[in-house]
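Geometric and topological summary
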Amino acid sequence: MAALQMIVIGILVALEIKLAHQHVEAIIVPVEQGLLEGEQKWTITGDTLYYSFKGIPYASPPTGNLRFKAPQPALSWKGIRNATEHGNICPQVDEFTNKFIPGSEDCLFLNVYTPNLTPDSLLTVMFFIHGGGYAFGSGNDDNYGPDFLINSNVVVVTINYRLDSLGFLCLDTKEVPGNAGMKDQVAALRWVKTNIKNFGGDPNGVTVFGQSAGGSSSTLHALSPMSKGLFQRVIAMSGVPMSVFSVEFEPKRRAFVLGKILGFETTNTTSLLEYLQSATVDQLVGKNLSVIAVEDYINIYFKSYFEPVVENDFGQEMFLTESPNVLIKDGRIHDVDILLGYTTAEAVVGLFMFESTPTIENCDRYKETLVPVEVLYASSPKTTVELGNLIKEYYNGPKPLSVKRMTQFVKYATDVYNYNVIRYARQRSNFSGNSSTYLYQFSCMSERNVLSQQGFKYGIIGVAHTDDLMYVFNANKYNLPVIKNATSYTMIQNTCTLLTNFAKYGNPTPGSNLGVEWPKYNMQTQLYLDIGEELVVGTKPLASMMDFWDSVYKRAEIPF
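The following refers to the structure shown. (Residues numbered from 1 in each chain as written. Predicted model: local features only at pLDDT ≥ 70, side-chain atom pairs only at ≥ 80, totals over all residues. Heavy atoms only, no water.)

**Quick look at the packing of aromatic side chains**
- Under the counting rule described, the total for this entry stands at 27 aromatic pairs.
- Aromatic pair F209 and F473: ring centres 6.0 Å apart, planes at 10 degrees, arrangement stacked. A residue pair is termed long-range when its members are at least 10 positions apart, and F209 in strand β10 (residues 201-211) and F473 in the loop between β13 (437-442) and α15 (487-505) qualify at 264 residues. Considered together, F209 and F473 belong to a single accessibility category, that of buried residues.
- What links up through ring pairs into an aromatic cluster is the set F354, Y394, Y395, F409, Y412, F548 and W549. (Phe/Tyr/Trp six-rings, centres within 6.5 Å; stacked < 30°, edge-to-face > 60°. Helix = DSSP H or I, 4+ residues; strand = E, 2+ residues; numbered from the N terminus. Buried < 20%, exposed > 50% of the residue type's maximum accessible area, 1.4 Å probe, protein only.)

Okay, structure coming up:
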């Protein structure tokens with residue numbers, strides 16, 4: 001019996017010692033609204049101990065009479081607020097699962113991850129905007145764990161912003177002029193400007209970056225008067241101002257369509273606002289809101305109903321004052337450095353949709369749906385039919401479009417996407433300011449390419465839309481292994497070094513440690529970097545594709 005007592009005592013003592021070692025002093029940081037308690041965590045590689053603060057409110061809950069309206073300042077709190085759990089995600093329908101996720105309208109939260117609360121000199125801040133076609137997603141660490149970037153000694157901020165109609169409804173009135181979701185992003189940037197120093201971050205050293213709609217958002221901030229001075233650099237991954245989900249077509253009409261399909265017909269904006277503010281969130285997201293018939297047949301990979309808008313002036317703060325094309329053409333853009341690029345097989349992300357819906361067959365029957373929406377909305381039916389036939393012949397020859405010829409359709413859909421990325425790089429490089437432009441092609445392939453694997457059965461070997469993020473963030477939901485002696489880990493290190501170097505110095509290769517010098521992009525040399533198993537400088541990316549789509553835009557009489 002005595003021996004058993006000694007064993008039990010020994011176990012209890014060992015447990016006490018273990019618990020004592022696990023005890024960490026509370027991590028308290030003051031912000032404008034009150035005190036936050038965060039926690040310390042190790043990166044997945046075990047290389048860096050960092051501070052994590054989640055679920056920080058950067059604006060008031062946009063509920064009740066604030067639904068659809070510009071965000072209001074965050075409310076203060078008393079005592080110490082727990083910041084070890086993410087805040088609510090915004091209501092949405094997940095495009096990949098087609099499931100409604102109720103979340104909460106009280107969803108304007110951000111997360112701050114920092115390697116050092118009191119560095120000798122303030123650290124560069126990387127402010128990430130998630131993608132999802134302005135309709136789904138969040139900044140949470142199920143997709144956007146900071147582990148890889150933190151290893152490069154930067155502060156990482158991820159955010160939620162309102163989505164779908166809740167973030168992008170436009171009634172063309174002073175109360176609801178549109179762009180509430182973009183103004184959420186501005187509010188988060190303003191919060192960072194005011195508070196990030198308390199986390200060791202430099203408020204004058206902020207890089208805005210994002211992927212897909214987050215990339216488009218990042219580049220739109222470089223055009224917005226509301227965002228000027230809130231950041232110094234931009235990284236745009238697979239998203240630019242003229243991407244397929246950039247600026248909404250007939251936004252006010254679309255708002256009335258929403259009311260109509262919910263059973264409320266009116267021509268009065270005040271009545272419509274009152275009705276929509278009383279609707280349940282599940283009625284307001286994930287709806288088919290086509291305003292012209294052809295939108296029902298447009299490639300669903302390109303379809304997004306609620307997006308940023310050009311605002312009319314009602315005396316409010318305006319996020320976007322004119323169309324991106326006009327602002328860029330006139331040189332009315334912020335003088336900030338930009339790094340941007342695309343993946344080699346963007347459209348592979350949509351394979352499961354192409355297989356399960358009549359998208360491809362619809363494109364074969366109504367070939368005008370192959371025409372980019374920017375051209376489609378601006379051209380006559382006669383022009384779009386002619387261009388649709390031209391595009392179909394270029395990618396598929398005389399044979400009909402079908403799932404059996406998936407490779408050709410994926411190439412078409414990828415090219416439509418990537419054309420605009422390179423087109424924007426051209427436009428930015430012509431800007432007469434002091435800023436730099438860097439262009440990349442992302443071709444990393446490894447076990448980390450979760451979505452790219454869809455293409456293998458068709459013989460498509462390339463990086464799907466969003467798979468580049470697997471080399472920038474630790475996506476907890478996939479539980480991917482991180483093997484330090486694997487090629488994939490070298491790719492992670494190279495990618496994160498390039499991005500964080502650019503954020504810190506405005507130059508992705510300021511030294512020789514990566515074995516390559518990434519030259520700036522300009523129209524004369526058209527140099528870019530291929531980021532793959534090796535880092536390789538190339539020239540004139542996708543030249544024949546660019547020539548073809550230039551000819552399409554020229555025939556449509558749209559500047560390119």
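**Some words on the side chain of S304**
- Looking at the element boundaries, S304 is found in the loop between α8 (281-284) and α9 (324-329).
- Of note is the side chain of S304, whose polar atom sits 2.7 Å from the backbone oxygen of G133. (Polar contact = N/O pair within 3.5 Å; in protein donor to acceptor, adjacent residues only side chain to side chain.)

**Notes on the state of the cysteines**
- The final tally for this structure, using the stated rule, is one disulfide.
- Between the sulfur atoms of C90 and its disulfide mate C107 the distance is 2.1 Å. Disulfide C90 to C107: torsion about the S-S bond roughly 90 degrees, handedness right-handed. Taken together, the positions of C90 in the loop between β4 (80-82) and β5 (92-94) and C107 in the loop between β6 (99-101) and β7 (109-114) put the pair 17 residues apart, joining distant regions of the chain.
- You can see C496 has no disulfide; the closest cysteine sulfur is in C444, sitting 10 Å from it. (Disulfide = S-S within 2.5 Å.)

**Looking at a nonpolar patch on the surface**
- A surface patch of nonpolar side chains, about 230 Å² in accessible area, is lined by I28, L35 and I80.
- Among the structural elements, L35 can be located in strand β2 (residues 34-42). (Patch = residues over 30% accessible without salt bridge, like charges linked within 9 Å, V, L, I, M, F, W, Y side chains within 5 Å. Areas by Shrake-Rupley, 256 points an atom, 1.4 Å probe, with all protein chains shown as cover. Salt bridge = Lys/Arg side-chain N within 4 Å of Asp/Glu carboxyl O.)

**A short note on the nonpolar core**
- Ranked by size, the top nonpolar core spans 126 residues in total, and within it F53, V112, F127, V157, F199 and W549 carry the most contacts.
- The element contributing the most residues to this core is helix α14 (residues 406-429), with eleven residues.
- Membership of the second largest hydrophobic core comes to 40 residues, among which are Y144, I150, I235 and M470. (Core = buried A, V, L, I, M, F, W, Y, C linked by side-chain atoms within 4.5 Å.)

**Some thoughts on the packing of α14 against helix α16 (residues 543-555)**
- As a packed pair, α14 and α16 sit with axes 10 Å apart at the nearest point and diverge in direction by 85 degrees. On the basis of their axis angle, the class for α14 and α16 is roughly perpendicular. Only M545, M546, W549, D550 and Y553 of α16 make contact with α14, whose side of the interface consists of Y412, D415, V416, N418, Y419, N420, I422, R423 and R426.
- Tallied by class, residues from the contact of α14 with α16 come to eight nonpolar, two polar and four charged. (Axes fitted to C-alpha atoms, helices over the stretch in contact; angles between N-to-C directions. Parallel < 35°, antiparallel > 145°, perpendicular 65-115°, else oblique. Contact = heavy atoms within 4.5 Å. Nonpolar A, V, L, I, M, F, W, Y, C, P; charged D, E, K, R; others polar.)

**Brief notes about the packing of helix α13 (residues 381-396) against α14**
- In contact at an axis separation of 9 Å, α13 and α14 are set at 125 degrees when each is read in the N-to-C sense. In terms of axis orientation, α13 runs oblique to α14. α14 is crossed by α13, and the crossing has right-handed handedness. Contacts between α13 and α14 involve I391, Y395 and N396 from the first element and Q408, K411, Y412 and D415 from the second.
- Class assignment of the residues belonging to the contact of α13 with α14 gives a composition of three nonpolar, two polar and two charged. (Left-handed = near helix turned anticlockwise from the far one by under 90°.)

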